[in-house]
Every structure is written in C-alpha cells, then in structure tokens.
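# Secondary and tertiary structure notes
Each chain, written out:
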Amino acid sequence: MPPADKPIPRRVPAGAAVLQEDVTAAIRAAVFQELASVGYGRMSIEAVARRAGVGKTAVYRRWSSKLQMVIGVVSDVAVQDTPVPDTGSLPGDLRILLGSTAQALQHPLASQIVPDLLAEAARNTEIAQTLQSALGKAQEKVGAEIVRNAVARGELPAGTDARLALDVVIGPLYWRLAVVRSPLPDGYLDHLARTSAAALQAGGPP
C-alpha cells in the first residue's frame, strides 16, 4: 500500500488516445524519411509506423489517411515562424532570405522530397493547394516584411508588390535547386541578392 499522503497514480485506460509529443515527433521524422526514400506514391502508413517504431493505430490517431498525414506534416513544418532579416539594407535582407531558403532546399531530405511533392501536386489538387498555401504563407509573410522595411528606408517605392518581389527574388533559386537541381556556383547568392534588389528598385510598383 502506498503512504496515505501520496496520491495513488491513475492508470491510463487501455486504448486511450494519448498523443505523446515524442511519438508525434518520431512519426513526423519517419514521414520525411519515407518521402525521401520511396516518394509519396510508394510510401505507406505501415512503413511510416515501422520506421517510427510505433503501431499503425498511433498514426491513425493523428491522421486519417496517407494524404492527410503528409499534408499535416508538411504544413506544420512550412508554417513555422521564420525570422525576418533586418540588416539595414535591401540587398542584405535578400541575401539572408536567399541563404536560408537555399539551405532548406539543399537539405538531403528536402532535395528528394520537394521535387516528388511538386510532381504529385500536378496530379493531386489537395497537395497542390497545401504547397500553394502552407509553403507560400511563411515566405510571403517574410517577403512582405522585407518590402515594408525597404519602403520605410526609402529603398523601394510605396506600393511595391510584395508577392511579385518574392517571385523575382526566390524564383531563380527554386528553379535552380528544385527543378534543374543544379549546384550553386561560388558567389551566386550574393550576385542574386544584388541583382534582384536592383531589379525591384528599377521596376517600381506595377
């Protein structure tokens, strides 16, 4: 018998849906590893569960299908807050943005996952919408703040289209790393930051 001054611990009923953070983290990591290893089309919830060291029920408690699982995991990562660079100059801010984006795209897992998801997006509207909304939101928020700061410093004219600015800055990098999958030469990001800043300053509001 336990001492009278200590409460008797309550047992969790068998089958209760207890969503432990470490289990969720393991499943998320397994999803990315499976995507990088076999791609979306060949991955399965069973394989993800095995890789995470959990039962299938642990996955189904969190997501009802493979599609919802992938969308949920990708969205969770994509919408994480990204620090807004504030170097005091537009080229400096763009260089930091380009550097962080390049680092993410060149990650061993991302380099396999992103092209596969882009291909799946052409066939699956839910994945396409997720990539468009979730992945775009984080960078659009940062891009809007960079443009706002540049306007306040007098580097860009008022009314500069933040979305168009982001397309001009990030587009070449996505093309090179996610589509063509070509390595970046030395000084490429510095040159792209200066060139895109000059293009935005020369273009003005549409």
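What comes next concerns the included structure. This is a predicted model, so every value here is computed, not measured.

Inspection of every chain in the model, using the stated rule, returns two cavities of 30 Å³ or more. Approximately 70 Å³ is the volume attributed to the largest cavity. The wall of the largest cavity is formed by Leu-90, Leu-94, Leu-97, Gly-143, Ile-146, Val-147, Ala-162, Ala-165, Leu-166, Val-169 and Leu-200. With four residues, the single largest contributor to the lining of the largest cavity is helix H8 (residues 162–179). Looking at the lining of the largest cavity residue by residue, the class counts come to 10 nonpolar, one polar and no charged. Here the second largest cavity defines a volume of roughly 50 Å³. In terms of lining, the second largest cavity is formed by Val-70, Ile-71, Val-74, Leu-117, Ile-127, Thr-130 and Leu-131. Residue composition of the lining of the second largest cavity, grouped by class: six nonpolar, one polar and no charged.

Parameters and conventions
- Residues numbered from 1 in each chain as written.
- Predicted model: local features only at pLDDT ≥ 70, side-chain atom pairs only at ≥ 80, totals over all residues.
- Heavy atoms only, no water.
- 1 Å grid on protein atoms, 1.4 Å probe; cavity = no way out; pocket = protein on both sides within 12 Å on 5 of 7 lines; lining within 4 Å.
- Points joined across faces, edges and corners; volume = space filled by probe spheres on them.
- Helix = DSSP H or I, 4+ residues; strand = E, 2+ residues; numbered from the N terminus.
- Nonpolar A, V, L, I, M, F, W, Y, C, P; charged D, E, K, R; others polar.

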